[in-house]
Amino acid sequence: MSLASRIHGHFHPPDDAGAHDHGHAHAAVDDQRGDASPFWVRHYDRVARIVAFGRLDRLHEGALALGEFKPGLALLDVGCGTGDLILRAESQVDGRGTFVGLDVERGMIDQAKRKALDHQVDVTFGEASIDAIPYPDETFDIVTSSLMFHHLAPEQQRDGLAEIHRVLTPGGRLVVVDINTAKRSVISRLPGHRTGDTTDPLRAKVAGQLRDAGFETVSAGSHLVESLSYAMGTKP
Ligand SMILES: C[S@@+](CC[C@H](N)C(=O)[O-])C[C@H]1O[C@@H](n2cnc3c(N)ncnc32)[C@H](O)[C@@H]1O
C-alpha cells in the first residue's frame, strides 16, 4: 500500500455524513484550482504563531498531557486546523497508535495532509464537522479540541459533545482547551473573542456542558499556557 493511500485510506465517511475526503487526488486538484481558502486559513500557521507568541507547541503538549496520551491509543483531534497537535502526538509515540484529525475547513485539511506527506507519517486528516464525526461508536480513546470550541454556536457545541461522547470508548477522555476570555490577553482581545465574560467560560460553562453530555469526573482549570483554560471529562 502506498504511503498516500495509507494516509488517506483510513478515512471512510459512512453515507457521506457531512464529511468529504478527497484522497490523494485532492492535492493535485488544489494545485490546479489555486488555493481559494480564506486568508486566515491560508496563513493560519504564521498568524497563530504570532498571536500565540510561539506557545502553540506548549498548548498542544499540554492538551496531550491532560488526556494522558500514551503509545497505542487512538487519538482524534476535532477542529485540527493544519494538524500540528496530531503530528506532535504521532512523533511523541513514534507512530504507535491511531491518529485522526478532522476540520470543517478544507484549506486546513489540505495543509495538514501536505505536512503528513512531508513528514512521511501514518496519520489521517479529513474534512468533517464536530457534529457529524464520520466514525463508528467507541473508536477513540482520547478526543482533543484546541482553540475551537468558542467558534461554535451553542446547539453545535451540544451536538458536537454528543458526537464526541459517541465515538469515545468507555473510559475514554475528552480534553477541551480554549481561550479564557475573562482574562486580559492579546488573544482574548482579538475580534470575535471580546465576549465580555467576567468568569472563565471553561470553568463556568463548558464543564457543565460536558456533564450534560454524559461525561463524568469532569474538571476544569488553567492550562499551562497563560490565557487558556481546559475542561475535561471521561465517558463512563
Ligand atoms: C483557531 S483554529 C484552531 C486549530 C488547531 N486546533 C490549533 O490548535 O491550532 C479553529 C479550528 O476549528 C475549526 N472549526 C470551526 N468550526 C468547526 C466545526 N464545526 N467542526 C470542525 N472544525 C471546526 C476551524 O476550521 C479551525 O481550523
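Remember, predicted model here, so these are calculated numbers, not experimental data. (Residues numbered from 1 in each chain as written. Predicted model: local features only at pLDDT ≥ 70, side-chain atom pairs only at ≥ 80, totals over all residues. Heavy atoms only, no water.)

Undergrad: Could you clarify how one ought to interpret the packing of aromatic side chains in this entry?
TA: In this description, a pair of aromatic rings is defined by centroid distance and the angle of the planes. This structure, assessed with the given rule, holds two aromatic pairs. Aromatic side chains Phe69 and Phe99 sit 6.3 Å apart centroid to centroid with 70 degrees between the ring planes, which places their arrangement in the edge-to-face category. Within this pair, whereas Phe69 is found in the loop between helix H5 (56–66) and strand E1 (74–78), its partner Phe99 is found in strand E2 (residues 98–103), the two being separated by 30 residues in sequence. The residues Phe69 and Phe99 share a single accessibility class, namely buried. A centroid spacing of 5.2 Å and a plane angle of 70 degrees characterise the contact between Tyr135 and Phe140, whose relative ring orientation is edge-to-face. With relative accessibility at 0%, the residue Phe140 sits in the buried group. (Phe/Tyr/Trp six-rings, centres within 6.5 Å; stacked < 30°, edge-to-face > 60°. Helix = DSSP H or I, 4+ residues; strand = E, 2+ residues; numbered from the N terminus. Buried < 20%, exposed > 50% of the residue type's maximum accessible area, 1.4 Å probe, protein only.)

Undergrad: Sorry, what's going on with helix H8 (residues 154–167) here?
TA: What sets the pattern is the α-helix's 3.6 residues per turn: residues three or four places apart point alike. Compared with an ideal rise of 1.5 Å per residue, which puts 14 residues at 20 Å, H8 spans 20 Å between its outermost C-alpha atoms and is within 8% of the ideal. For H8, every residue scored as buried is listed here: Gln157, Gly160, Leu161, Glu163, Ile164, His165 and Val167. Contacts made by the buried residues of H8 are with E1, strand E4 (140–146), strand E5 (168–179) and helix H9 (201–212). (Expected span 1.5 Å × (residues − 1). Contact = heavy atoms within 4.5 Å.)

Undergrad: In this structure, what is going on with the nonpolar core? I would like to understand it.
TA: It is characteristic of soluble globular proteins that their nonpolar side chains tend to be buried jointly. Membership of the largest hydrophobic core comes to 31 residues, with the highest contact counts inside it found for Phe69, Leu75, Val123 and Phe125. Put simply, the parts of the chain that give this core at least two residues each are H5, helix H6 (84–92), helix H7 (106–119), E5 and strand E7 (228–234). Per element, the largest residue contribution to this core is five residues, and it comes from H5. Grouped together as the second largest cluster of nonpolar side chains are 27 residues, Val143, Leu152, Leu202 and Val206 included. (Core = buried A, V, L, I, M, F, W, Y, C linked by side-chain atoms within 4.5 Å.)

Undergrad: Please explain the sheet that holds strand E3 (residues 124–127) as it appears in this structure.
TA: Two pairing modes exist for strands in a sheet, parallel and antiparallel, and in both the strands are linked by backbone hydrogen bonds. Taken together, seven strands build an open sheet; the order of strands is E3-E2-E1-E4-E5-E7-E6 and the sheet is mixed. Either end of the sheet is taken by a strand with one partner, and the two such strands are E3 and strand E6 (216–222). Along the sheet, successive strands turn relative to each other by an average axial angle of 15 degrees, direction set aside. As defined by bridge partners, E5 adjoins E7 across seven bridges and the pair is classed as antiparallel. Looking at the pairing, Val175 lines up with Met232 of E7. In the packing of H5 onto the sheet, contacts are made with E1, E4, E5 and E7, and the angle to E5 comes to roughly 150 degrees. Along the sheet, H9 makes contact with E5, E6 and E7, crossing E7 at roughly 20 degrees. (Pairing = 2+ DSSP bridges. Axes fitted to C-alpha atoms, helices over the stretch in contact; angles between N-to-C directions.)

These values are about where atoms sit, not about what they do.
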